[in-house]
Number of protein chains: 2
Amino acid sequence: MLNIDCDIPVVGWDSLEPEETLLLIFVAFFAAKVGGELMERLKLPAVTGELIAGVILGPSILSIITSEHSFMDVLATLGATFLLFSVGMETKLSELKKVGLIAASVATLGVVAPFVAGYYVSILLNFSSVEAMFIAAALVATSVGITARVLQDMGMIASNEAKIILGAAVIDDILAMIVLTLVSGTAAGESLTSLDVVIVIAEAACFVAIVTILGTRMVRYASGKRSIKHDRTVDGSWSIHYNTRAFKRDSWLDKLVQKEAPFVIILIVVFGLSAMASYVGLAAIIGAFFAGLIFSDTKDTYELEHKFEPLNVLLVPFFFVVMGARVDFTDFASVAPLAIALTVVAILTKLAGCAAGAATRGEKTALIVGAGMVPRGEVGIVVAMIGLNMGTIGSETYSVIVLVSIATTLYAPFLIRTIVNAESKKEKRSSEWRFNLRSRT
Amino acid sequence: MLNIDCDIPVVGWDSLEPEETLLLIFVAFFAAKVGGELMERLKLPAVTGELIAGVILGPSILSIITSEHSFMDVLATLGATFLLFSVGMETKLSELKKVGLIAASVATLGVVAPFVAGYYVSILLNFSSVEAMFIAAALVATSVGITARVLQDMGMIASNEAKIILGAAVIDDILAMIVLTLVSGTAAGESLTSLDVVIVIAEAACFVAIVTILGTRMVRYASGKRSIKHDRTVDGSWSIHYNTRAFKRDSWLDKLVQKEAPFVIILIVVFGLSAMASYVGLAAIIGAFFAGLIFSDTKDTYELEHKFEPLNVLLVPFFFVVMGARVDFTDFASVAPLAIALTVVAILTKLAGCAAGAATRGEKTALIVGAGMVPRGEVGIVVAMIGLNMGTIGSETYSVIVLVSIATTLYAPFLIRTIVNAESKKEKRSSEWRFNLRSRT
């Protein structure tokens, strides 16, 4: 007779307490959604509410989510992955051509100005050069969600300014990812000889080029888009020949028997590219972003937005709550002045850079575009997280970056409204003046 | 000038290596989906493929996913939560009335027979009484997904047998949850006096009753279903009065400004009930199951299946991979005979119990129904996980239960086909015999 003892310990598996896990998941999710709801009612972005919920739950205040709960990091990582995938998916490569030169110059100057100024101001504030690089990179990215909302509320979403801002934001995202790629790559190679920097840049460029070019082609190939084009253009005999090949091509995806096969393949690509990006020394979320990018043109074919929306609703709040919980207020006296100084730098440089990029369109447009590009939001926080995870920035620097991201996002709506109102008054005055001139003649 | 040192360590946050995290997530997800795909091509359930992928990745074979990667447990917990929520959501309380007495007796006898036999056979096999209870509970639940598929392939999905099986499976799920509630509650209270058992049963019954009755009403209230009814039945003056209240009622959900507000509320309820269930000493997934149950009648209103499908596609595979990885083959010599013995018990008792429940419908129907209820699948594995997490069953017992769940699921299709073919031949023979009789007269 076999003898099995009841008291065998659960060997080899260090299990989490499931009760605590689910309770914390509940508390974090609930708090994030309440925070987001409150902020949205104040016409501010939900993200800030989720971050503040994290700060409140974190060690600085309630100590409900602390360093002990490292399992929350997995949910945060997944949240960041799907967040950046969605950002990438919104970035249609095929629409970049339509955006025009003006958006490109707004984006470029709006990236260069905050990066250069952010770096040198940080050095002046006694940050190390690696930390200054991360701070500068975090000041680069724009999150125009809040801007779009403010313009919508003011009935300006179809305006020229809005079009330039939304177009520039697309290019801005790509530039921000390239900056992040370079910064994280450079920071990972500890000794910063100029040869190393060149190698890192080459590696990053190769990754981005290979993924984007090869990826886009493979996606088109798999989804059978090209075959349809050829059906229309070639003559009968070719068409039959081509159809056979098109059938073979489409078939490997169609052959999959499991539920939601295209969605599963895309999830595998997202995880695969994220893992590959971190394998070549880049941030994992860069892989997720480029995965989004290569699927951006096929998103309607597979209803990707419908599929990823529930994942984002569930997982992204954990990212922001965990990021908020990591903000460390134990040394508030030293963090606050740095945050204020860098917030001023962040606002002024973006405003000036972007306005300069749109200067040819007149003062009003230039200023509105500049103000619209001010909010930093999620990508800045992602940059801060990467620096913290790499151990290249300290927790104080991390807190500074998160505070700057929150501050720019909260301030932007007021700035946009102020500028629009001031410029409208000016216009009114000048048109009254012109009217007066005309009526006098 | 402020002085911030670059070498400040990341204090107070024991971070996971994001590279390793995403690589393992990729490997686990990819392996699960490949395993599922292969199994589905063999017309077997994807679940078994995902479990086998877990066994291969686990310490028994490749040692890629081991006890060190406790972060996978969070994903597994979330997977189990959404899996059981979906099972609950498929269990429409309002349709239970239609199922009829025959399905109820099939379900009840199909639960009692394996539980009683499973318990006593386990005691005979020298398991402790607590372990025997868990094994018995794991043998109770039916997973009819594979049965539905086999019957569909055989063109029998609209048959009487299929209707009875699918109806009985609904009741079976509820009974299985009640059994699990009692078993996990009893096992948690260490000293098993009969008074304790009564208290546990009372607690569990209260939880289930309160959640189901109060929950269903609150859901109806919130979704404003009742107000519509009243609008139709009451007279003018009442209607106005009632409409005001109905408006107030509906409004709190409609007032929420965030994206996907109903979906967010339901997620909060799922996590809240799971946390609450484990707080009162039950398994967390019991809360998730009953959350599914109370939303089952409103799932079409909010397109819940569309929203939860992507979550299931992403998260449930992690549950099965982790469950597979926990199967311990280091003591295969002692595990295998136990697994074989209990598989035989599992098949015979379910077959006999369910056939007895459907005996009034003739031999053919009774046997097909009995065979159709044999596969155990996911709920049995959930029971095993709870026992392992509670520390009340050892890793050998856990492995035995998982093997029995896999074996019954893999064997069921053959059993169903064999019985259907044998019974068809018998019928043919008897009808030929009758035909012969008639043609003679």
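Quantities reported herein were computed from a predicted structural model and do not represent experimental measurements. (Residues numbered from 1 in each chain as written. Chains lettered and ligands numbered in written order. Predicted model: local features only at pLDDT ≥ 70, side-chain atom pairs only at ≥ 80, totals over all residues. Heavy atoms only, no water.)

> Honestly, the overall build of chain A in this entry has me stumped. Any pointers?
Scanning chain A from N- to C-terminus turns up 17 helices and zero strands. Every one of the 441 residues in chain A was classed for burial, and the buried ones make up 56%. Intrachain contacts of chain A at a sequence separation of at least 6 include 79% that bridge at least 24 residues. Surface exposure of chain A reaches about 18,800 Å², of which carbon and sulfur atoms provide 64%. (Helix = DSSP H or I, 4+ residues; strand = E, 2+ residues; numbered from the N terminus. Buried < 20%, exposed > 50% of the residue type's maximum accessible area, 1.4 Å probe, protein only. Contact = heavy atoms within 4.5 Å. Areas by Shrake-Rupley, 256 points an atom, 1.4 Å probe, with all protein chains shown as cover.)

> Sorry if this is basic, but what is going on with the interface of chain A and chain B here?
Frequently, the measure chosen for interface size is the accessible area that the parts lose on association. If you look at the interface, chain A gives 84 residues, while chain B gives 84 residues. Of the roughly 7,400 Å² buried between chain A and chain B, counting both surfaces, carbon and sulfur atoms make up 72%. For the interface between chain A and chain B, the tally reads zero salt bridges. The interface formed by chain A and chain B holds zero residue pairs in polar contact (both at pLDDT 80 or more) in total. Listed by contribution, the elements that provide at least two residues to the side of chain A that touches chain B are α1 (18–41), α3 (71–89), α11 (261–279), α13 (304–325), α14 (332–357), α16 (377–390) and α17 (395–440) of chain A. Counting residues per element, the side of chain A that touches chain B draws most heavily on α1 of chain A, which supplies 13 residues. (Buried area = accessible area lost by both parts, 1.4 Å probe. Salt bridge = Lys/Arg side-chain N within 4 Å of Asp/Glu carboxyl O. Polar contact = N/O pair within 3.5 Å; in protein donor to acceptor, adjacent residues only side chain to side chain.)

> Can you help me understand the packing of aromatic side chains in this one?
Aromatic rings in a pair are described by how distant their centres are and how their planes are angled relative to each other. Tallying each qualifying case throughout the model produces 20 aromatic pairs over all chains. Judged by centre distance (5.5 Å) and plane angle (75 degrees), the ring pair of F29 of chain A and F271 of chain B falls under edge-to-face. Of this pair, F29 of chain A sits in helix α1 while F271 of chain B sits in helix α11 (residues 261–279), which puts the two residues in different chains. With respect to burial, F29 of chain A and F271 of chain B carry one shared label: buried. Judged by centre distance (6.0 Å) and plane angle (70 degrees), the rings of F82 of chain A and F271 of chain A are edge-to-face. With F82 of chain A in helix α3 and F271 of chain A in helix α11, the pair connects residues that are 189 residues apart, well separated along the chain. Across the pair, exposure class does not vary: F82 of chain A and F271 of chain A are buried alike. (Phe/Tyr/Trp six-rings, centres within 6.5 Å; stacked < 30°, edge-to-face > 60°.)

> Sorry if this is basic, but what is going on with the relation of the copies chain A and chain B here?
Between the two copies of the chain lies a rotation about an axis combined with a shift along it. Superposing chain A onto chain B takes a rotation of 180 degrees combined with a translation of 0.0 Å along the rotation axis, leaving an RMSD of 0.1 Å. Expressed as a symmetry operation, the mapping of one chain copy onto the other fits a two-fold axis. A shared binding surface is used by both copies, with 100% of the interface residues of chain A retained as interface residues in chain B. (Least-squares fit on C-alpha atoms with pLDDT ≥ 70 in both.)

> Is there a simple way to explain the side chain of S334 of chain B in this structure?
Residues and elements named next belong to chain B. Turning to its location among the elements, S334 is positioned in helix α14 (residues 332–357). Relative accessible area serves as the criterion here: at 16%, S334 is assigned to the buried category. Within polar-contact distance, the side chain of S334 engages the side chain of E396 at 3.0 Å.

> Got a minute to help me understand the nonpolar core in this structure?
For soluble globular proteins, the rule of thumb is that nonpolar side chains tend to be buried together. In terms of nonpolar packing, the biggest core is built from 211 residues, with I285, L314 and F319 of chain A together with I285, L314 and F319 of chain B touching the most fellow members. Setting aside its immediate chain neighbours within four residues, L314 of chain B contacts F82, L267, F271, L311 and L315 of chain A together with F29 of chain B. (Core = buried A, V, L, I, M, F, W, Y, C linked by side-chain atoms within 4.5 Å.)

> What should I look at first to understand the environment of K426 of chain B in this one?
Mapped onto the fold, K426 of chain B is located in helix α17 (residues 395–440). Separated by 342 residues in the primary sequence, K426 of chain B and L84 of chain B place their C-alpha atoms 40 Å from one another.

> Whenever I open this one, the pattern of salt bridges confuses me. Can you help?
Side chains carrying opposite charge are able to pair once their charged atoms draw close together. Residues and elements named next belong to chain A. This structure, assessed with the given rule, holds 14 salt bridges over all chains. For E37, the salt bridge identified is with R41, shortest N-O distance 3.1 Å. Of the two residues, E37 and R41 both sit in helix α1, four residues apart, roughly one turn of that helix. Among the ionic pairs, K426 bridges to E423, the shortest N-O distance being 3.5 Å. Of this pair, K426 and E423 both sit in helix α17, three residues apart, which is roughly one turn of the helix. When salt bridges with common partners are traced through the structure, they connect E363, E423 and K426 into a single cluster.

> Can you help me understand the confidence of the model for chain A in this one?
Reading predicted coordinates in detail is not appropriate for stretches of low pLDDT. Residues and elements named next belong to chain A. Per-residue confidence for chain A gives a mean pLDDT of 80, with 83% of residues at or over 70. Low confidence marks residues 1–16, where pLDDT is under 50. Its contacts with residues over four positions away, or in another chain, come to 45 contacts. Within the model, pLDDT remains below 50 along residues 225–249, and this stretch shows 14 contacts once partners closer than five positions in the same chain are excluded. (pLDDT = per-residue confidence, 0-100.)

> Help me understand helix α16 (residues 377–390) of chain B in this model?
The α-helix winds at 3.6 residues per turn, so residues separated by three or four positions along the chain end up facing the same way. All names here are of chain B. Between its first and last C-alpha, α16 extends 21 Å over 14 residues, near the 20 Å set by a 1.5 Å rise per residue. In terms of residue burial, α16 counts as a mostly covered element, since 12 of its 14 residues are buried. Along α16, the residues that are buried comprise G377, E378, V379, G380, I381, V382, V383, A384, M385, I386, G387 and L388. Directly beyond the C-terminal end of α16, a positive phi value near 80 degrees is found at G391. (Expected span 1.5 Å × (residues − 1).)

> In this structure, what is going on with a nonpolar patch on the surface? I would like to understand it.
Taken together, I52, I56, I61, L62 and I64 of chain A make up a surface patch of nonpolar side chains, about 400 Å² in accessible area. Relative to the elements of secondary structure, I56 of chain A occurs in helix α2 (residues 46–57). (Patch = residues over 30% accessible without salt bridge, like charges linked within 9 Å, V, L, I, M, F, W, Y side chains within 5 Å.)

> How do you make sense of the environment of A325 of chain A when you look at a structure like this?
Note on placement: A325 of chain A falls in helix α13. C-alpha separation for the pair A325 of chain A and A28 of chain A, spaced 297 residues apart in sequence, amounts to 10 Å.

> It is not clear to me how the packing of helix α3 (residues 71–89) of chain B against helix α13 (residues 304–325) of chain B should be interpreted in this structure. Could you clarify?
To describe two helices that pack against each other, one gives the angle between their axes and the distance between the axes. Residue and element names in this part refer to chain B. Put simply, α3 and α13 touch, their axes get as near as 7 Å, and they point 135 degrees apart. Judged by the angle between their axes, α3 and α13 are oblique. The two elements α3 and α13 cross, and the hand of that crossing is left-handed. Across from M72, D73, L75, A76, L78, G79, A80, F82, L83, F85, S86 and M89 in α3, the residues of α13 making contact are L304, E305, F308, L311, N312, L315, V316, F318, F319, F320 and V322. Here the residues of the contact of α3 with α13 sort into 18 nonpolar, three polar and two charged. (Axes fitted to C-alpha atoms, helices over the stretch in contact; angles between N-to-C directions. Parallel < 35°, antiparallel > 145°, perpendicular 65-115°, else oblique. Left-handed = near helix turned anticlockwise from the far one by under 90°. Nonpolar A, V, L, I, M, F, W, Y, C, P; charged D, E, K, R; others polar.)

> I would appreciate a short explanation of the packing of α11 of chain A against α13 of chain B in the present structure.
Between α11 of chain A and α13 of chain B, the least distance of the axes is 11 Å, while the angle of their chain directions is 50 degrees. Here α13 of chain B runs oblique to α11 of chain A, going by the angle between their axes. Relative to α13 of chain B, α11 of chain A is oriented so that their crossing is right-handed. Contact residues: F263, V264, L267 and F271 of chain A in α11 of chain A; P310, V313 and L314 of chain B in α13 of chain B. Its residues assigned to classes, the contact of α11 of chain A with α13 of chain B comprises seven nonpolar, no polar and no charged.

> Explanation requested: the side chain of S122 of chain B in the structure shown.
Counting through the fold element by element, S122 of chain B comes out in helix α4 (residues 93–124). The residues contacting S122 of chain B, other than those within four sequence positions of it, are F127, A132, I135 and L342 of chain B.

> Sorry, what's going on with the environment of R41 of chain B here?
R41 of chain B gets classed as partly exposed once you look at its relative accessible area, which sits at 43%. Through-space distance from the C-alpha of R41 of chain B to that of D173 of chain B is 27 Å; in sequence the pair is 132 residues apart. Sequence-distant contacts of R41 of chain B, that is, excluding residues within four places in its chain, are made with K255, L256 and V257 of chain A.

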